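Descriptive analysis of the structure
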Amino acid sequence: MANLILILGDQLTPDISALDGADRNQDRVVMAEVHNEASYTNHHKKKIVLLFSAMRHFAQGLEADGWQIHYLTYHPDNEARSLEAVIAGQLELIGADRIVTTECGEWRLHDQISQWHERLGVPVEIRPDTRFIASKQEFADWAEGRKQLRMEFFYRERRRKTGLMMTSEGKPEGGQWNFDTDNRRKWTGKPPAPAPFRIEPDEVTRAVIDLVEEHFADHFGTLEDFHFAVTPEDAEQALDYFIDFALPCFGDYQDAMADDEDWLFHSILSPYINCGLLDPLAVCEAAARAWHAGRAPINAVEGFIRQILGWREFVRGIYWMNMPAYAQENRLGNTRALPWFYWTGDTKMRCMHKAIDATRRNAYAHHIQRLMVTGNFALLAGVKPEEICDWYLAVYADAYDWVELPNVLGMVMHADGGYLGSKPYAASGKYIQRMSDHCSNCHYKVNKSTEKDACPFNALYWHFIDCHRDEFSNNPRMGMMYRNWDRQDPARKKALLKRADWLLDNLESL
Ligand code: FAD
Ligand code: DLZ
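In this text the structure is predicted, and so the values were computed from the model without any measurement.

**Examining the sheet that holds strand 4 (residues 98-102)**
Within the open sheet, the 5 strands sit side by side as 3-2-1-4-5. Their pairing is parallel. Edge positions in the sheet fall to strand 3 (68-72) and strand 5 (124-127), since each of these pairs with one other strand and no more. Adjacent strand axes in the sheet meet at a mean angle of 25°, parallel and antiparallel pairs treated alike. Where strand 4 and strand 5 come together, 4 bridges link them in parallel fashion.

**Notes on the environment of Glu 103**
For Glu 103, the location among the structural elements is in the loop between strand 4 and helix 4 (107-113). Placed 75 residues apart in sequence, Glu 103 and Arg 28 show a C-alpha to C-alpha distance of 18 Å. The residues touching Glu 103, leaving out its near neighbours within four places in the chain, are Gln 11, Ile 126, Arg 127, Pro 128, Asp 129, Lys 136 and Arg 316. In this structure the side chain of Glu 103 is engaged in a polar contact, spanning 2.9 Å, whose partner is the side chain of Lys 136.

**Describing the site of ligand 2**
Taken together, 18 residues are adjacent to ligand 2, and Asp 10, Ala 32, Val 34, Glu 37 and Glu 106 come closest. Glu 106 is positioned with one of its side-chain polar atoms (N or O) 3.0 Å from an oxygen atom of ligand 2. Notes on ligand 2: free accessible area 490 Å², of which the protein chains cover 100%. Counting residues per element, the ones that place at least two in the shell around ligand 2 are helix 1 (35-39), helix 2 (45-64) and helix 4. By residue number, the principal contributor to the shell around ligand 2 is helix 2, which donates 3 residues.

**Digging into the nonpolar core**
Counting 167 residues, the largest nonpolar core has Leu 247, Leu 269, Tyr 272, Phe 314, Met 352, Phe 377 and Ile 388 as its most contacted members. Among the elements that take part in this core, helix 13 (residues 298-322) stands out by supplying 13 residues, more than any other. Not counting residues within four places of it along the chain, the set of residues in contact with Phe 377 comprises Pro 339, Phe 341, Tyr 342, Met 349, Met 352, Phe 457, Leu 460, Leu 507 and Leu 510. Counting residues in hydrophobic clusters, the runner-up holds 21 residues, among them Val 30, Ala 80, Ile 99 and Ile 113.

**Side note on the packing of helix 17 (residues 385-395) against helix 18 (residues 401-412)**
Relative to each other, helix 17 and helix 18 sit at 135°, their axes nearing to 9 Å. Compared by their axis directions, helix 17 and helix 18 come out oblique. Once helix 17 is placed against helix 18, the crossing between them reads as right-handed. Contacts from Pro 385, Ile 388, Cys 389, Tyr 392 and Leu 393 in helix 17 reach Asp 401, Glu 404, Leu 405, Val 408 and Leu 409 in helix 18. Per-class residue counts for the contact of helix 17 with helix 18 are 8 nonpolar, no polar and 2 charged.

**A closer look at the domain arrangement of the protein chain**
Taken domain by domain, the protein chain comprises domain 1 (3-127), domain 2 (136-194 + 246-322) and domain 3 (341-509). Roughly 800 Å² is buried in total at the junction of domain 1 and domain 2, and carbon and sulfur atoms are behind 58% of that figure. Inspection of the region where domain 1 meets domain 2 yields 2 salt bridges. Between Arg 316 and Glu 103 there is a salt bridge; the shortest N-O distance is 3.4 Å. Here domain 1 and domain 2 share 5 residue pairs in polar contact (both at pLDDT 80 or more) between them. Sorting the residues of the side of domain 1 that touches domain 2 by element identifies helix 2 and helix 4 as the ones contributing at least two each.

**Some details on the side chain of Glu 106**
Tracing the sequence through the fold places Glu 106 in the loop between strand 4 and helix 4. Of note is the side chain of Glu 106, whose polar atom sits 3.0 Å from the side chain of Arg 108. Within the structure, the side chain of Glu 106 is placed 2.7 Å from the backbone nitrogen of Asp 401, a separation counted as a polar contact. Setting aside residues up to four positions removed in sequence, Glu 106 forms contacts with Tyr 40, Tyr 319, Trp 320, Leu 393, Tyr 400 and Asp 401.

**Side note on the site of ligand 1**
Close to ligand 1 lie 28 residues, the nearest being His 266, Ser 267, Ile 268, Asn 274 and Tyr 364. Side-chain polar atom of Ser 267 to an oxygen atom of ligand 1: 2.6 Å apart, as the coordinates give it. In the model, a nitrogen atom of ligand 1 is placed 2.9 Å from a nitrogen or oxygen of the Asp 398 main chain. Summarising the interface, the protein chains cover 99% of the accessible area of ligand 1, which totals 810 Å² for the free molecule. Contributions of two or more residues to the shell around ligand 1 are made by helix 11 (270-275), helix 13, helix 16 (367-381) and helix 18.

**Focus on the packing of aromatic side chains**
Overall, the coordinates contain 35 aromatic pairs when judged by the stated rule. Here Trp 142 and Phe 314 contribute two aromatic rings whose centre-to-centre distance is 6.3 Å and whose plane-to-plane angle is 75°, an arrangement assigned as edge-to-face. Of this pair, Trp 142 sits in helix 6 (residues 136-143) while Phe 314 is found in helix 13, placing the two residues 172 residues apart along the sequence. For Phe 314, a relative accessible area of 0% translates into the label buried. Following the ring pairs from residue to residue traces out a cluster consisting of Phe 341, Tyr 342, Phe 377, Trp 391, Tyr 392, Tyr 396 and Phe 457. The residue whose ring lies beneath Lys 47 is Tyr 400, and the NZ or CZ to ring-centre distance is 4.8 Å.

Rules used in this analysis
- Along every chain, residues carry numbers that run from 1 in the direction the sequence is written.
- To read the labels, note that chains go from A and ligands from 1, taken in the order they are written.
- Only residues with pLDDT of at least 70 are given local features in this predicted model, and only at 80 or more are side-chain atom pairs given and counted; all residues enter the totals for whole chains, interfaces and linings.
- For the side-chain quantities, the full set of heavy atoms in the structure was used; hydrogens and water were omitted.
- Only strands that DSSP links by at least two bridges are regarded as paired with each other.
- Strands here mean DSSP runs of E at least two residues long; helices mean DSSP runs of H or I at least four residues long; both are numbered from the N terminus.
- For helices, the axis comes from a line fit to the C-alpha atoms of the stretch in contact; other axes are also lines fit to C-alpha atoms, and the angle between any two N-to-C directions lies between 0 and 180 degrees.
- Residues are treated as being in contact if the distance between any of their heavy atoms lies within 4.5 Å.
- Polar contact is the term for a pair of N or O atoms within 3.5 Å; when the atoms are in protein, one must be able to donate a hydrogen and the other to accept it, and sequence-neighboring residues count only if both atoms are side-chain atoms.
- When at least one non-hydrogen atom of a residue lies within 4 Å of a molecule or strand, that residue is treated as near it.
- All accessible-area figures derive from a Shrake-Rupley calculation using a 1.4 Å probe, and residue coverage is judged against the displayed protein chains alone.
- In this description, a nonpolar core means a group of buried Ala, Val, Leu, Ile, Met, Phe, Trp, Tyr and Cys residues linked to one another through side-chain atoms lying within 4.5 Å.
- Any residue under 20% of the maximum accessible area for its type is buried, any over 50% is exposed, and the rest in between are partly exposed; the area is computed with a 1.4 Å probe on protein chains only.
- Angle categories are assigned with fixed cut-offs, so that under 35 degrees is roughly parallel, over 145 is roughly antiparallel, 65 to 115 is roughly perpendicular, and the rest are oblique.
- By convention the crossing between two helices is left-handed if the near helix lies anticlockwise of the far one by an angle smaller than a right angle, and right-handed if it lies clockwise.
- Amino acid classes used here: Ala, Val, Leu, Ile, Met, Phe, Trp, Tyr, Cys and Pro are nonpolar; Asp, Glu, Lys and Arg are charged; the rest, including Gly, are polar.
- For the purposes of this description, domain bounds are those given by an automatic or database domain assignment.
- Buried area, as used here, totals the accessible surface that two parts lose on assembly, with accessibility defined by a 1.4 Å probe and the loss added over both.
- Salt-bridge detection follows one rule: a side-chain nitrogen of Lys or Arg within 4 Å of a carboxyl oxygen of Asp or Glu.
- The aromatic pairing rule takes the rings of Phe, Tyr and Trp, using the six-membered ring of Trp, and pairs them if the centres are within 6.5 Å, calling planes under 30 degrees apart stacked, those over 60 edge-to-face and the rest tilted.
- Each ring is checked for a lysine NZ or an arginine CZ that lies within 6 Å of its centre and within 35 degrees of its normal; such an atom marks a charge sitting over the ring.

Structure follows, in C-alpha cells:
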C-alpha cells in the first residue's frame, strides 16, 4: 500500500486536495465514523445524521469510481474511537509509505494530526484546503500591517480578485460595494416565505437516523422531519431552489425575524457548504448569474455574496491567524454560567423561546436569531465565552470551530476586545420589536424596563452599557449610547440597574 488518504466528515468534495495525484490501484482512502468526532461536543442529532449519511454516500461514490476504501461505520463498541486509532489500525494491517490528508477545519484535530508523524512513525502530508476562496496565506498577507481588520475591506479586495459583481472597469456593480441600508425590512407575512427545500431520507439516511436514535439519544435536538440533502446532487437542488424562490427577497428580509416562520428567505446552505457538498465560490457565482439574468435584485445578490465571500472567508482567516490563544479570550471578564433554558427553550422570553425551539427542531436558526437574540442575551447577561461557544458549536448543523468561534467569541461576545468587530451588537428589546412580531406574543412587555413584567433585554442592555464604560465609552460608534445613558434621570438609572441585578440573580427563572 502506498498512501493512506484520510478524508474527514467535512471534506466531502470529490476534488478534495487529499486525492490530488492519488493512485486508485495503490492508495487506500480511509473514512471513519468515530466516537471522538461524534462526541467532542453535544452535537445536535440532526448534524450527526447529516454527516454520517453524507459520509456514507460520499464513500459509495468513491467506491463506484474505482477507489479502494476502508470505511468504518459507527458502533459504540468499536475498538477504534478516534481517527488516529483508525489510521493506526490500517497501518498495522496493511502498512503505508505515507498518510495524506487535507488540512482540517478545527484547531483541536489539526493539533492532533500534526503530531501523527511522530506518534505513528510515518510521514504525514497535510495539504491546503483549496475549497476556500482565500488561502490562509492570502488572508495573512492582507492582514499584515493593518491596525484593524475589518471585514468590509477584506470583502472589497475579494470582489476585485474574483471579479464577482464587478464591472469591466473594475467598479462594483450598481455603483456601491454594499447595499445593506436596503436590507432591514420587517417581514409582516407577505410575500409568503418559501417552504424549506426538503429531501426525503433514503435507505442510507434512514439507517443512520435509527443509529443516532439508538446511540446518541442524550444528544441535543430532535430527529423528526430530517430533510437535509446528503449528496452533492441534492445540495445543488437546494441551491437552485434558493435562487428561484428565496434569493429575490433575501436582502429585504435578511434581518427580519418572525414568530411563526423558522426559515424566512435564508438559503439554509451553510450545512452543505461547510461539509463540502457545495462549493462556496460556485454558490456565489450562481447568485451573481441570477442578478445578471434579472432574476434577483442587487441588494439581495450583493448581500448574499458578501456573507460567503466576505464574512465566511474573513472569520476563517481570523481563526487560523489567532488560534489556539483566541479560544481563551474573555476581555469583558464574563463569569456567568449559561442559563439552562438554552438547552430546553423553556423561557417566557418569546424571542429566546422561538430561537431555541427552532434550533432544537431544525439544527438551524438564521443569522439574526443567532446574533441578536441568543447571542445578544448571552452578551448582556455576561455569560462565560467558553460556555456560550460550546453551546453554538453543539446545536447547529453547520457548526465547526473555525466558523463558530469567531462568530460567537468575536462578533457576539466581543471577548476578543474588538479584534473582529468594531463594536458589540448589544441591543435592547426595541431592536427585537422593530425586526419581529415576537414582542406582541411575549409574556414580557417590551415598552417597560423596570417593572416585574418588563422585557429583560431592556434593563440588561443599560446594565451592559453602564458596566462596560471603560471598554466602550471612547468607541466613536458607542458615544450616542453613553450620551443617552448619561442623560437619564438618576432615579431611573438606579431602578434600571436594580432590575438588571435582579434579572442577573434570577436568570434561570426568566
Ligand atoms: P444565509 O443567511 O442564507 O447566508 C448565506 C451564507 O453566508 C451562509 O450559508 C454562510 O455560508 C455564509 N454566512 C453568513 N453569515 C456568516 C458569518 N457570520 N460567518 C460565516 N459565514 C456566514 N455559520 C456557520 O456556518 N457555522 C456556524 O457555526 C455559525 N455560527 C454562528 C454563531 C453566531 C453567534 C452567529 C451570529 C453566526 C454564526 N454563523 C455560523 C453565521 C451565520 O449565522 C450562518 O452561516 C447562517 O445563519 C447559516 O444559514 P444560511 O445558510 O441560511 O445563511
Ligand atoms: C462533526 C463530525 C462528526 C459528528 N463525526 C465525524 C466522524 O465520525 N468522522 C469524521 O471524520 N468527521 C466527523 N465530523 C467532522 C469532524 O469533526 C471535522 O472534520 C473536524 O472537526 C475538522 O473540521
